[in-house]
Every structure is written in C-alpha cells, then in structure tokens.
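Residues per chain are reported as follows:
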Amino acid sequence: MPHSTRREFVKSGLAAGALAVAGSLPLRAGRQTATDWVTLGKSGVKVTRLAFGTGSFSGQVQRDLGQDGFTRLVRYAYDRGIRFFETAESYGEMHRMLGVALKGIPRDSYRIMSKVTTRQGVDPQEKFDELRKLANTEYFDIMLLHWQHTATWPVDTARWQDGIQEAQSKKAIVSRGASVHGLPALRQVPENKWLDVAMIRVNHKGKSMDAEDYNTAGLGNVPEVVSHVQQVRRNGMGVISMKLVGEGTFGREDRQAAMRFAFKNAGVDCVTVGYKNTAEIDEAIENLNLALA
C-alpha cells in the first residue's frame, strides 16, 4: 500500500472508531440555567427554577415600591425569563398588586403560586374566589396551606385540604401543597400523600430555618432539614426553597453559597427570592447559573 494511501486509511479508521465510541456514550445534557422550566414532582406543574417572591418581610419591601415601581420590577423579571410568581394571603396587598403588574401578559406564559391562611370560620371556596379576583386570574397553578408550624397540621387543616381539592375539581387550582415552619411540622411532610409540593426553608447557615421551636431566634438544624428535603424528593413531591438569603441578611458570597447549597446539597427543584430592584434580579439569576454550572 502506498504511504499516502495507508496514512489516509489509518486516519479514516481512527475517525470511524471515534465516532463509534462517541455514539455509544450518552449525550451530555445541555447547560442548565435559572430560567429553565422544571416540573415540580408529581404536581406536573412546570415552573422556572427561579421564582419572584412578593413576601419580603411579609411583602413590605415590595409594597414600598408602589404599584408603578413594582410593576416595572415584575415586567423586568418576566423579560429576563423569570416566569414563576409567588404570593400569599398574608402579604397584604400583594395579590392585587401582582394582578395589576401581570395584566395583559398571556396567562399561559407564567405561573402563580398563592398561599392561604388556614384559619377557622372562613369558607375555603369564598377565600379562593376572593384571592383569584384580587390577582386577576381564573386559576392558581399552585395553592399552599400557609405557615404550617405544628406536628398536627395534617389533621388540623383537613377542611382546607378538602377545600383545595374541591377548587381543583373546578379548575380554580391546579396543584396543591404546604409551606412549613419548624421541625415538628416538617417531619410530617415526607410521608404525606396529600401533598404535591412542599415549600421548605433552606440555606447553608441555618438562618431562619427549621428547629424544634418554629419561632426560634437561633439557627435551624441544617442536616435534618436537608434529609427531609431529599426524602420528599424521593417520594415524588416538588420542593420549593424559601429563606435562601437568610431574610436579606446574607452578603454576596453567602448568597452564592446558599444557592449552591440549595441545588447541589439539598437538591431542591426551585427557589423563590424577594427583590426590591433590578440589580437583585440580575444577581439572583447569575448566582443560580453559577450554582448549576
């Protein structure tokens, strides 16, 4: 065989071998980002990994922006790819302000999660209708039982659980869950068959996280919280992290570390962060992108 011909033969053989090996390997997943759509477990609801929270100090931070300022911030987040917005009955005017801010944007292009206060003497259907009207939406993608902080919450909230299921049958609510505070309440979550979604406090330092006393001024039990988050995920629920930045007390380095911890160590699906300006939105997107890299 002439030298040049043999060289070409070897090159072609090596190329074919490389292709064969490459073909036998799984394709590498594409780069994950903060604004990817992810499915929250068995709920089937798709949300962006990063959410827009409206409850900084019970919504005071967002309310202080005024409607025009808040609307500009919501629209900025939407344009940057954040399409998941969360609020709660206890956040004052935030349902109404969020409804105004999102007016005119196609409803199927974003998701809304609300949280209802499970008080006595209130008709669940009337409350859901009131919140839908305030938020200017025909339905909520997720409705959570808000601030469950006792070990008996699964029994205590039975009437509200039934109410949410009734609203689901009317398509006023798509999926359901609970937000919990304190280890006694959190311990009831992993084996709970009613829940589709759990909202759990997660950060690397334990600031404003779950301890035996839900209202402790001290640090939470990070290892136990993480173990419950991981069990919840194994049992098919979606997990949304809150208190990621320690109620606004963390500096930039800790905000980055908290984002890495939530996704890499705890393994949450999504995180909600409250914002007061566009720089905070940009930073949260950057921090989550870095955490996922």
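Residues numbered from 1 in each chain as written. Predicted model: local features only at pLDDT ≥ 70, side-chain atom pairs only at ≥ 80, totals over all residues. Heavy atoms only, no water.

**Notes on helix 7 (residues 158–169)**
An α-helix turns once every 3.6 residues. As a result, residues three or four positions apart point the same way. Its twelve residues place the ends of helix 7 17 Å apart at the C-alpha level, agreeing with the 16 Å of an ideal helix rising 1.5 Å per residue. Trp160, Gln161, Gly163, Ile164, Ala167 and Gln168 are the residues of helix 7 that are buried. All buried residues of helix 7 lie within an arc of 160° about the axis, which places them on one face of the element. Of the exposed residues in helix 7, the ones pointing more than 90 degrees away from its buried face are Asp162 and Ser169. The inward-facing, buried residues of helix 7 abut strand 5 (111–116), helix 5 (124–135), strand 6 (140–148), helix 6 (153–156) and strand 7 (173–180). Following helix 7 by one or two positions, Lys171 has its phi on the positive side, about 65°. (Helix = DSSP H or I, 4+ residues; strand = E, 2+ residues; numbered from the N terminus. Expected span 1.5 Å × (residues − 1). Buried < 20%, exposed > 50% of the residue type's maximum accessible area, 1.4 Å probe, protein only. Arc of directions from axis to C-beta. Contact = heavy atoms within 4.5 Å.)

**Describing the nonpolar core**
Counting 71 residues, the largest nonpolar core has Leu50, Phe52, Val189, Ile200, Val202, Tyr275 and Leu288 as the members making the most contacts within it. Residues in contact with Phe52, not counting those within four places in the same chain, are Phe70, Leu73, Val74, Ala77, Ile82, Phe84, Phe85, Glu86, Thr272, Val273, Tyr275 and Ile281. Judged by nonpolar contacts, the second largest core, of 14 residues, contains Leu40, Phe84, Ile142 and Met199. (Core = buried A, V, L, I, M, F, W, Y, C linked by side-chain atoms within 4.5 Å.)

**Some points on the packing of helix 10 (residues 252–266) against helix 11 (residues 278–292)**
Where helix 10 meets helix 11, the closest approach of the two axes is 9 Å, and the angle between their N-to-C directions is 50°. Here helix 10 is positioned oblique relative to helix 11, judged by the angle of their axes. For the crossing formed where helix 10 meets helix 11, the hand is right-handed. Taking contact as the criterion, the partners of Arg252, Arg255, Gln256, Met259, Arg260, Phe263 and Lys264 in helix 10 are, on helix 11, Glu283, Ala284, Glu286, Asn287, Leu288, Leu290, Ala291 and Leu292. When its residues are assigned to classes, the contact of helix 10 with helix 11 shows seven nonpolar, two polar and six charged. (Axes fitted to C-alpha atoms, helices over the stretch in contact; angles between N-to-C directions. Parallel < 35°, antiparallel > 145°, perpendicular 65-115°, else oblique. Left-handed = near helix turned anticlockwise from the far one by under 90°. Nonpolar A, V, L, I, M, F, W, Y, C, P; charged D, E, K, R; others polar.)

**Overview of the packing of aromatic side chains**
Applying the stated criterion across every chain, the model contains six aromatic pairs. A centroid spacing of 6.2 Å and a plane angle of 85° characterise the contact between Phe85 and Tyr110, whose relative ring orientation is edge-to-face. Note that Phe85 is positioned in strand 4 (residues 84–86) and Tyr110 in the loop between helix 4 (94–102) and strand 5, a separation of 25 residues in sequence. Relative accessible area serves as the criterion here: at 0%, Phe85 is assigned to the buried category. On the accessibility criterion, Tyr110 (4% relative accessible area) is buried. In textbook terms, an aromatic cluster arises when at least three aromatic residues are bridged by ring pairs, as seen for Phe52, Phe70, Phe85, Tyr110 and Tyr275. Positioned above the aromatic ring of Tyr78 is the side chain of Arg83, whose terminal nitrogen or guanidinium carbon lies 3.6 Å from the ring centre. When the ring centre of Tyr139 is taken as origin, the NZ or CZ atom of Arg107, which lies over that ring, is 4.1 Å away. (Phe/Tyr/Trp six-rings, centres within 6.5 Å; stacked < 30°, edge-to-face > 60°. Lys NZ or Arg CZ within 6 Å of the ring centre and 35° of its normal.)

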